[in-house]
Amino acid sequence: MNEMTQRIEAQMKALNLKAMIERYKEFGEMAAERKLCYEEYLALLLEEELRGKTERSVMAKIHKARFPFVKTIEEFDFTFQPGLSEKELLRLCSLDFIEKRDNIIFLGPPGVGKTHLAIGFGVKACKCKYRVLFISTQKLLEDLMLSVRDGSITQKLLAYSRINLLIIDELDYMPITKEQANLLFQLISMRYEKGSIILTTNYNFEDWGRVFQDNVVAAAIIDRLVHHAKIFYINGESYRLRNKLKGTN
Ligand code: ADP
Ligand code: MG
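Summary of the structure given here. (Residues numbered from 1 in each chain as written. Chains lettered and ligands numbered in written order. Predicted model: local features only at pLDDT ≥ 70, side-chain atom pairs only at ≥ 80, totals over all residues. Heavy atoms only, no water.)

**Focus on the overall build of the protein**
- Assigned secondary structure in the protein consists of 12 helices and five strands.
- Expected size for 249 residues packed as a compact globule is a radius of gyration near 18 Å; at 24 Å, the protein overshoots this value by more than 25%.
- The C-alpha extent of the protein, read off along each of the three principal axes, is 75 × 50 × 35 Å.
- Taking all 249 residues of the protein together, 44% fall into the buried category.
- Of the contacts made within the protein by residues no fewer than 6 positions apart, 79% connect residues no fewer than 24 positions apart.
- If you sum the accessible surface of the protein, you get close to 14,600 Å²; carbon and sulfur atoms cover 54% of it.
- The distance from the centre of the 37 positive side-chain charges to the centre of the 33 negative ones in the protein is 2 Å. (Helix = DSSP H or I, 4+ residues; strand = E, 2+ residues; numbered from the N terminus. Rg over C-alpha atoms; globule rule 2.2 N^0.38 Å. Buried < 20%, exposed > 50% of the residue type's maximum accessible area, 1.4 Å probe, protein only. Contact = heavy atoms within 4.5 Å. Areas by Shrake-Rupley, 256 points an atom, 1.4 Å probe, with all protein chains shown as cover. Lys, Arg positive; Asp, Glu negative; His and termini not counted. Charge placed at Lys NZ, Arg CZ, Asp CG, Glu CD.)

See the structure below:
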């Protein structure tokens, strides 16, 4: 390594230009071969750096969102759920529902792809630089209860309200105490018209009073959640089961 390349690399390193450091020599040879001018060479290098930086920032957002698995909407087989409106769902891919702070609710039995679709929107939101968090209902309630005990509930609710898209997964077969229902209500009230929620559940709204052991709290949660929400009822067959029956899973 000569003195000049040493200097270049040290400076690129100090400026954290990861992609440039990796490729400036290769691009330099290519530029010489194709007789590119200095500006063209610089433009190519900068494009590469920007591409790398964007990719790393999206990966960091996906990591921070804590998805249990990464799936995209494009991977979803709509022919398997003919009852689900592909058109309506794809319309939401513009993500203007996040700009409008609207919610999405996926309601249906296990295995129909509720979590897959929720993650699909979450991944899209990460790519558009939104702050996203995926959390199961159980984990969320545990987290809120812990914060009540250690006196940090206000900060905790504030932290949850700063997220652009909060995915609350699996409001399913779990007993919910009145205190937990109240905390969930506080969280949903705090986010109301401030940030989007995607909720997945297999409970119909008429069951929520029983689930939350309190008809008034259940009605208040539904009211805020559903006011600006797109609701998708997915009542088809379980995709998991289909794979099992075919012996391919
Ligand atoms: P749910 O949350 O409704 O229980 P999941 O979203 O966890 O169901 O789906 C179960 C598995 O089946 C996941 O691996 C998911 O990617 C896959 N899956 C479900 N429905 C579809 C579909 N229509 N097309 C492709 N994969 C699907
Ligand atoms: Mg699920």
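Still more to cover.
**Overview of the sheet that holds strand β1 (residues 103-107)**
- Taken in spatial order, the five strands make up an open sheet running β2-β3-β4-β1-β5, and their pairing is parallel. Of all strands in the sheet, those bounded by a partner on one side alone are β2 (132-136) and β5 (229-233). Strand-to-strand twist of the sheet, defined as the mean angle between neighbouring strand axes without regard to direction, takes the value 10°.
- In the sheet, β1 pairs with β5 via five bridges, with the strands oriented parallel. The residue bridging phenylalanine 106 from the neighbouring strand is phenylalanine 232, located in β5. (Pairing = 2+ DSSP bridges. Axes fitted to C-alpha atoms, helices over the stretch in contact; angles between N-to-C directions.)

**Some words on empty space enclosed by the protein**
- Here the structure, examined in full by the defined rule, presents one cavity of 30 Å³ or more.
- Of all elements in the fold, only α9 (178-191) and α11 (215-227) reach the threshold of two or more residues within the lining of the largest cavity.
- Classifying every residue of the lining of the largest cavity by side-chain character gives four nonpolar, two polar and four charged. (1 Å grid on protein atoms, 1.4 Å probe; cavity = no way out; pocket = protein on both sides within 12 Å on 5 of 7 lines; lining within 4 Å. Points joined across faces, edges and corners; volume = space filled by probe spheres on them. Nonpolar A, V, L, I, M, F, W, Y, C, P; charged D, E, K, R; others polar.)

**What to know about the pattern of salt bridges**
- Using the criterion set out here, one finds 12 salt bridges in the structure.
- Glutamate 49 is the partner of lysine 53 in a salt bridge, and the nearest nitrogen-oxygen pair spans 2.9 Å. You can see lysine 53 and its partner glutamate 49 sitting in helix α3 (residues 38-65), four residues apart, about one turn around the helix.
- Because the salt bridges share partners, they merge into one network encompassing Arg23, Glu26, Glu48, Arg51 and Glu55. (Salt bridge = Lys/Arg side-chain N within 4 Å of Asp/Glu carboxyl O.)

**With respect to the packing of aromatic side chains**
- Scanning the model with the defined rule gives eight aromatic pairs in all.
- Taking 5.0 Å as the distance between ring centres and 70° as the angle between the ring planes, the aromatic pair formed by phenylalanine 76 and phenylalanine 78 counts as edge-to-face. We note that phenylalanine 76, like phenylalanine 78, is buried.
- Look at tryptophan 208 and phenylalanine 212: their rings are 5.8 Å apart centre to centre, the planes differ by 75°, and that puts the pair in the edge-to-face class. In this structure, tryptophan 208 and phenylalanine 212 share a single accessibility class: buried. (Phe/Tyr/Trp six-rings, centres within 6.5 Å; stacked < 30°, edge-to-face > 60°.)

**A short note on the site of ligand 1**
- Taken together, 14 residues sit near ligand 1, with Lys71, Asp77, Gly111, Thr115 and His116 positioned nearest.
- Lysine 71 places a polar side-chain atom, nitrogen or oxygen, 2.8 Å from an oxygen atom of ligand 1.
- Residue lysine 114 places a side-chain N or O atom 2.8 Å away from an oxygen atom belonging to ligand 1.
- For ligand 1, whose accessible area on its own is 550 Å², the fraction buried by protein is 88%. (Near = heavy atom within 4 Å. Polar contact = N/O pair within 3.5 Å; in protein donor to acceptor, adjacent residues only side chain to side chain.)

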